Amino acid sequence: MKHILSALVHNKPGVLAHVAGMFAARAFNIDSLAVGRTDDPSLSRMTIVVVGDDRVVEQVRKQLAKIVTVVKVQDFAGMDVVARDLMLISIACPPEKRPEILALVEMFQGKVVDIGIKFVMVEVAGPENKIEAFIEACRPYGIKNLVRTGTVAMPRQTQTKTEHNTDNSI
Amino acid sequence: MTTKTEQTAPAQTKPGSQIIVDTLLEQGVEVLFGYLGGVVLPLFDKLYDSPIRVIIPRHEQGGCHMADAYARSTGKVGVMIATSGPGATNLTTGLATAMMDSVPIVALTGQVRTDLIGNDAFQEADTTGITRPITKHNVIIKNPNDLAHTIREAFYIASTGRPGPVLIDIPVDMQVAQVPVTPPQPIELPGYRVREHGHARQISSAAEAINASQRPVLYVGGGVISGNASEPLRKLAKKANIPVTMTLMGLGAFDQNDPLSLDMLGMHGAAYANFAVQESDLLICVGARFDDRVTGKLKTFASHARIIHIDLDPSSIAKNVPVDIPVVGNARYVLADLLEQVEYRERKEWFERIAELKKRYPLRYDRNSKMIKPQYVIEELWHQTQGQAIITTGVGQHQMWTAQFYKFSRPRQFITSGGLGTMGFGLPAAIGAQIGNPGALVVDIDGDSSFNMTLTELSTAVMYELPIKICLINNGYMGMVRQWQELFYGRRYSCSSLKNPDFARLAEAFGAVGLSARKKEEVPAVIKAMLEEKKPCLADFYVDPEENVWPMVPTGKSLHEMDGLNLLEMA
Amino acid sequence: MTIQSHPSGASAPSSGFKSGSEIIFETLRALGVKIIFGYPGASVQPLFDAIYRLSPDSAGFVHHLRPAALQGHSTEEPIHLIGTNLYRTRRVL
């Protein structure tokens, strides 16, 4: 099961290495890790997607919180969150295929950011399932290259009282 | 418009090295351990004029163990200085030892000039990278203005919450740079919060459970000692009438001479302690972590008991076993709060059962053997020291026999590497403990293989005239390895026997006193002579080479499925 | 996937299985390793036992792994080191 953890950390060299090292040492499985500065220049935010059951994730959260340079850790399990992944993908695009590929891009609300004789580079952002769906849709045409940021997430202001908040497709 | 004459006088500046020494003095450091090298020369130059006593080991690992034992035996923060490159890498075992046993150490390592970092410079190593997993926190100084503040933070982090080693890597140009002297800023570490007092409702639930229990056991560990919670523990055990068992790291937290003591539990713990835990209906864990050496097979550990877990570190709670009543807080405060709510219960049947177990499965050995039995040496030492000496050990069989046969009565008396199990810890630890406790009697009960690893530190003991005693349990083997090879590998003693030097003569060559005993009748006199020696003294005891530690919980078995019970059982 | 194992790391001859430590030893031997420096301990027991059983003469060993590492550097043959647990490996590397 995938859990999203959000950690606020000191913006200092070595902190990312420390977190990654802790995960490796304790054999926790990281699915993705995205980190960037916040509006406070002394702090960065890390969004980590961990694979594991509740007990494992509980240990992950506690071990993260134990690191001196980690300020706060939140587990988004069971919460209403907005989760986004951003991808740049280069698709084989001969001129005769161009219209159908561009139609596909529009359906996924993507943006063409580079175009050439052979390939088109598309930027798509959205929840993980949308990104995965777009990749599958592009496969028949031929994918040259792709890069993803990994999931970043923030909780919604109003938490709806549903049993399983797994549908983050908006 | 300001003119030259109106400019304010320049702020007082000092070189970084002086700032470091000043901050150490401000933190109350009276003695530190350190080994020189190129990039720490500026620092040592300032130490030369300071009132801080500097102890030089013969190897940085030894120095780190000395700082560690100094901290364990006094409760203060141990300080170790090493140079860059090999000096720092030589610290890794020492730091890992301190990390696993939660010991407060501040390690200062020199580093090459900031502009050379990452250049494969002479004696350069990625110290912060290498030590990251084995320190509670580490940092490299890139701005000399950060020196004082970082050192203060280091002492704070090392000594608060769950203690641990903190390393500061200081490039040599930072030591030489001129730094303006500024007043100390308050320590601000967002996200580093220590929860000292337990949650009131949790404590009430715990008290209720204790009062209702028929067969409770207090299972205490090193956290009681580092939390200075020994006195509240004693009061609680007495008031509520609960027997107390200790982990290796917890020995000394409760007086083993007290009838409530169940002594040590676990893989080589007393059988009566292990049975008591397995039969208990309430296990009150204080400052311990359900380590694999204690629990045996987790699924069957204390399977009839509800579990209360009192610990300062939230990540320890529910890590290995599900906990019914968790209480996060410092044992000292939590136990004091609990004390007010618990009531005395007679628990007659439970104590009768425990007395029966103690009578049936005592810790014992063959007293009629013609050979010197290692347990005999330790027991005799215990008698002759009235059980009052500070004891350090290496790792292995001799360590287990010490835990079994030297009964400890106060905290910070037993200094041993529990979590990492570092062979070679004994001798430098004895030195560190002696430095921290000048008038005390300090004895290193060591094994021949463990002693071989760091015996060079004999020079340190002689140089500083430290009257430590080394009681060498010499069986010519890596004892614990040999025991496993005997029990599980058909006596195939692969690489576990050693060609040892004549240790007594070796000690004399170092400038210490060397004694030896080869016959059983010689043991009491040799121990007496060793204890009376004013100089550092090593006594080499040739013991039965194939004696085993019993009882033993083999890996994968339950805590009550001990081997060797037939040898211990009194009919 | 069930992992068959015996506490000592020795495999039954007819089982068609080899233990991990036996495979390690045989691979080292096939690669031409003549001398192994090492120090026993709980976590490397099966490996040392495999060496003891499968090698005609026991491996040489030293008291402390650091001198082993230094000796290793002075010959041209590949020298391999075995250490137990975290801290012994650190001493070597």
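Conventions used here
Residues numbered from 1 in each chain as written. Chains lettered and ligands numbered in written order. Predicted model: local features only at pLDDT ≥ 70, side-chain atom pairs only at ≥ 80, totals over all residues. Heavy atoms only, no water. Helix = DSSP H or I, 4+ residues; strand = E, 2+ residues; numbered from the N terminus. Rg over C-alpha atoms; globule rule 2.2 N^0.38 Å. Buried < 20%, exposed > 50% of the residue type's maximum accessible area, 1.4 Å probe, protein only. Contact = heavy atoms within 4.5 Å. Areas by Shrake-Rupley, 256 points an atom, 1.4 Å probe, with all protein chains shown as cover. Pairing = 2+ DSSP bridges. Axes fitted to C-alpha atoms, helices over the stretch in contact; angles between N-to-C directions. Salt bridge = Lys/Arg side-chain N within 4 Å of Asp/Glu carboxyl O. Polar contact = N/O pair within 3.5 Å; in protein donor to acceptor, adjacent residues only side chain to side chain. Domains from an automatic or database assignment. Buried area = accessible area lost by both parts, 1.4 Å probe. Nonpolar A, V, L, I, M, F, W, Y, C, P; charged D, E, K, R; others polar. Patch = residues over 30% accessible without salt bridge, like charges linked within 9 Å, V, L, I, M, F, W, Y side chains within 5 Å. 1 Å grid on protein atoms, 1.4 Å probe; cavity = no way out; pocket = protein on both sides within 12 Å on 5 of 7 lines; lining within 4 Å. Points joined across faces, edges and corners; volume = space filled by probe spheres on them. Phe/Tyr/Trp six-rings, centres within 6.5 Å; stacked < 30°, edge-to-face > 60°. Left-handed = near helix turned anticlockwise from the far one by under 90°. Core = buried A, V, L, I, M, F, W, Y, C linked by side-chain atoms within 4.5 Å.

Points about the overall build of chain B
1) Next: Within chain B one finds 24 helices and 20 strands.
2) Next: Against the 2.2 N^0.38 benchmark of 25 Å for 571 residues, chain B shows a C-alpha radius of gyration of 25 Å, consistent with a compact globule.
3) Next: In terms of overall dimensions, chain B has a C-alpha envelope of 95 × 60 × 40 Å along the principal axes.
4) Next: Residues classed as buried in chain B amount to 61% of the 571 residues present.
5) Next: Considering only contacts in chain B between residues 6 or more positions apart, those separated by 24 or more positions represent 75%.
6) Next: Here chain B has roughly 21,700 Å² of accessible surface; of this, 52% comes from carbon and sulfur atoms.

Section: the sheet that holds strand 4 (residues 70-75) of chain A
Residue and element names in this part refer to chain A.
1) Next: Reading across from one edge, 2-3-1-4 is the order of the four strands in this open sheet, with antiparallel pairing throughout. In this open sheet, the two strands that pair with only one neighbour each are strand 2 (29-37) and strand 4. Recorded for the sheet is a direction-independent mean angle of 20° between the axes of neighbouring strands.

Overview of the interface of chain A and chain B
1) Next: Each partner contributes to the interface: chain A provides 13 residues, whereas chain B provides 16 residues.
2) Next: Where chain A meets chain B, there are one salt bridge.
3) Next: In this structure, B:Asp313 and A:Lys66 form a salt bridge, with 2.7 Å as the shortest nitrogen-oxygen distance.
4) Next: Our count for the chain A to chain B interface comes out at six residue pairs in polar contact (both at pLDDT 80 or more).
5) Next: Those elements giving two or more residues to the side of chain A that touches chain B turn out to be helix 1 (15-25), helix 2 (54-66) and strand 4 of chain A.
6) Next: Here the element with the most residues in the side of chain A that touches chain B is helix 2 of chain A; it accounts for five residues.

Considerations on the domain arrangement of chain B
All names here are of chain B.
1) Next: For chain B, the domain assignment lists domain 1 (13-180), domain 2 (200-360) and domain 3 (374-550).
2) Next: Centre-to-centre separation of domain 1 and domain 3, based on C-alpha positions: 30 Å.
3) Next: The interface is formed by 26 residues belonging to domain 1 together with 25 residues belonging to domain 3.
4) Next: At the boundary of domain 1 with domain 3, total buried surface from both sides reaches about 2,000 Å², with 65% on carbon and sulfur atoms.
5) Next: A per-residue breakdown of the area domain 1 buries against domain 3 is headed by Arg 58, Arg 72 and Ser 73, which together make up 29% of the total.
6) Next: Counting across the domain 1 and domain 3 interface gives zero salt bridges.
7) Next: Counting across the interface, domain 1 meets domain 3 through nine residue pairs in polar contact (both at pLDDT 80 or more).
8) Next: Residues of the side of domain 1 that touches domain 3, tallied by class, amount to twelve nonpolar, nine polar and five charged.

Thoughts on helix 21 (residues 479-488) of chain B
1) Next: Most of helix 21 of chain B is tucked away: seven of the ten residues are buried.
2) Next: Taken together, the buried residues of helix 21 of chain B touch helix 17 (397-405) of chain B together with helix 2 (45-54) of chain C.
3) Next: One or two positions beyond helix 21 of chain B, positive phi appears at B:Gly490, with a value near 60°.

A closer look at the side chain of B:Thr460
1) Next: Here B:Thr460 shows up in helix 20 (residues 458-463).
2) Next: Every residue in contact with B:Thr460, bar those within four places of it in the chain, is listed here: B:Ile55, B:Ile56, B:Pro57, B:Arg58, B:Met66 and B:Ile431.

Describing the sheet that holds strand 13 (residues 306-311) of chain B
All names here are of chain B.
1) Next: Spatial strand order, 11-10-9-12-13-14: six strands in an open sheet with parallel pairing. Edge positions in the sheet fall to strand 11 (261-264) and strand 14 (325-328), since each of these pairs with one other strand and no more. Neighbour-to-neighbour, the strand axes of this sheet turn through a mean angle of 15°, independent of strand direction.
2) Next: Across two bridges, strand 10 (residues 244-246) lies against strand 11 in parallel orientation. Among the inter-strand pairings, Met 246 is bridged to a residue of strand 11, identified as Met 264.

Quick word on a nonpolar patch on the surface
1) Next: Taken together, the side chains of A:Leu102, A:Val112 and A:Ile115 present a nonpolar region at the surface, about 230 Å² in accessible area.
2) Next: Residue placement: A:Leu102 occurs in helix 3 (residues 98-107).

Considering the layout of surface pockets
1) Next: Computed from the structure, the second largest pocket encloses a volume of approximately 760 Å³.
2) Next: In terms of lining residues, the second largest pocket is bounded by 30 residues, among which A:His10, A:Lys12, A:Thr69, B:His137 and B:Val139 are the most central.
3) Next: Only helix 1 of chain A together with strand 6 (137-140), helix 7 (147-159) and strand 7 (165-171) of chain B provide two or more residues apiece to the lining of the second largest pocket.
4) Next: No other element matches helix 7 of chain B, which puts five residues into the lining of the second largest pocket.
5) Next: Counted by class, the lining of the second largest pocket contains twelve nonpolar, twelve polar and six charged residues.

What about the packing of aromatic side chains?
Residues and elements named next belong to chain B.
1) Next: Taken as a whole and assessed by the stated rule, the structure comprises 13 aromatic pairs over all chains.
2) Next: Their ring planes at 65° and their centres at 6.0 Å tell us that Phe 33 and Tyr 70 sit as a pair that is edge-to-face. Taken together, the residues span a long stretch of sequence, with Phe 33 in strand 2 (residues 31-34) and Tyr 70 in helix 3 (residues 60-74) at a distance of 37 residues.
3) Next: Judged by its relative accessible area of 5%, Tyr 70 falls in the buried class.

Considerations on the packing of helix 1 (residues 16-26) of chain B against helix 7 of chain B
Helix packing for two helices is described by the angle between their axes and how far apart those axes are.
Residues and elements named next belong to chain B.
1) Next: Two elements in contact, helix 1 and helix 7, have axes separated by 9 Å at closest approach and are oriented at 30°. Of the two possible hands of crossing, helix 1 and helix 7 adopt the one that is right-handed. Residues Gly 16, Ile 19, Ile 20, Thr 23, Leu 24 and Glu 26 of helix 1 pack against Leu 147, Ala 148, Ile 151, Arg 152 and Phe 155 of helix 7.
2) Next: Of the residues in the contact of helix 1 with helix 7, the class split is seven nonpolar, two polar and two charged.

Here's the deal with the nonpolar core
Residues and elements named next belong to chain B.
1) Next: One finds Leu 218, Leu 283, Leu 338, Leu 381 and Phe 541 to be the most contacted residues of the largest nonpolar core, which totals 106 residues.
2) Next: Top contributing element to this core by residue count: helix 12 (residues 271-279), with six residues.
3) Next: The residue makeup of this core includes at least three contributed by each of domain 2 (200-360) and domain 3 (374-550).
4) Next: Here Leu 283 is in contact with Val 217, Tyr 219, Val 277, Phe 290, Phe 301, Ala 302, Ala 305, Arg 306, Ile 307 and Ile 308, once residues within four sequence places are set aside.
5) Next: Leu 91, Ile 390, Leu 427 and Ala 429 belong to the second-largest nonpolar core, a separate cluster that totals 40 residues.

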